[in-house]
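Results of the structural survey
Okay, here's what each chain looks like letter by letter:
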Amino acid sequence: MKITQLLQRTVGAGTCMLLLLGTAGGAVAEETSSQQQLSEPVYRVPRDENQATVQPQEHPLAPALRMAQQGLTSIDEGIRDYSCTLVKRERIDGALSEPAYIFTKVRHEPFSVYMYFLGPQDVKGRECIYVADQNEGQLIAHEGGGVIGRLGTFHLDPQGRLAMRGQRYPITEVGIRNLTNRLIEVAEHDMKFGECEVKFFKGAKIDGRSATCIQVTHPTPRKEFRFHMARIYVDDELQIPIRYEAYQWPSAPGGKPVLDEEYTYVNMKVNNGFTDADFDESNQNYQFK
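Residues numbered from 1 in each chain as written. Predicted model: local features only at pLDDT ≥ 70, side-chain atom pairs only at ≥ 80, totals over all residues. Heavy atoms only, no water.

To continue, consider unusual backbone geometry. With omega at -15 degrees, the peptide bond leading from Glu109 into Pro110 counts as cis. As for its placement among the helices and strands, Pro110 is situated in the loop between strand E6 (100-107) and strand E7 (112-119). In this structure, Pro120 follows Gly119 across a cis peptide bond, with omega equal to 10 degrees. Relative to the elements of secondary structure, Pro120 occurs in the loop between E7 and strand E8 (127-131). Even without a glycine there, the phi angle at Asp93 is positive, about 50 degrees. You will see that Asp207, though not glycine, has its phi angle at about 50 degrees, which is positive. Topologically, Asp207 is positioned in the loop between strand E11 (197-206) and strand E12 (209-217). (Helix = DSSP H or I, 4+ residues; strand = E, 2+ residues; numbered from the N terminus.)

Put into structure tokens, the structure is as follows:
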């Protein structure tokens, strides 16, 4: 395997993330040693609420919707591509997964995704590529080890059973632009109803980066609502969402909200000048066979 540059970044109280910075030809994460640890991102929500400006007779979600729409404009006008480490946890069939750490490259036009799984161990070394309107619309993937890993590269329906195994969303929905679009859709839907509390917190932190936290709560379970509480963290510099977490209602009155899903984008590097080679299975920096 050809490795361009492997960086280990320490953030906050010993939090480590692995990131590879590549050339235009691409980069792939190397096997981590037993001494190197993948840790969940350090984040903090301040206690002091900062009220957003709400116009008379306006829904409480309106300021958050405007913020999301502005974020989408910032992405479309200023971010052509980016690399990052995606850290995610998802509740699948009632069970909350352990955190997955994925080195990710995204290009917006044409929409292209490359992913290398850093951990946990059962998915370590997995690689995936998806390019819109190419490869007959299929996801290109291989496992990192085990019996399936020895079978080589697979071309899969990105929404099919095999590609979706252990995943809540398909690779076609990966990335900050898709996340922002989803937040806009949910906000527009929820604005048709009441029973919504919205709080803004300035001075939130995501792995040392300043962010604004938007907390949306639906106090009472209703079939119209997808979550009890959600928090969106918007990077103050980039003006894009870099963390999203959603909770279901407590299982018993007075109980804690139940984490349903969370996604954090750390080590964000924008406008790398990615080319077609970064999303090509023949890239010699990758391990597709």
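So, next bit.
For the structure on display, the rule yields 6 aromatic pairs. Considering the side-chain rings of Tyr114 and Tyr286, the 4.1 Å spacing of their centres and the 10 degrees angle between planes classify their relative orientation as stacked. Of the two residues, Tyr114 sits in strand E7 while Tyr286 sits in the segment after strand E15 (258-270), which places them 172 residues apart along the sequence. Accessibility expressed as a relative area gives 0% for Tyr114, which makes it buried. Note on Tyr286: relative accessible area 5%, which makes it buried. Taken together, Tyr114, Tyr286 and Phe288 form an aromatic cluster joined through their ring pairs. If you follow Lys105 out to its NZ or CZ, it ends over the ring of Tyr114, 5.7 Å from the centre. Above the ring of Phe274, the side-chain terminus of Lys105 is found at 5.2 Å from the ring centroid. (Phe/Tyr/Trp six-rings, centres within 6.5 Å; stacked < 30°, edge-to-face > 60°. Buried < 20%, exposed > 50% of the residue type's maximum accessible area, 1.4 Å probe, protein only. Lys NZ or Arg CZ within 6 Å of the ring centre and 35° of its normal.)

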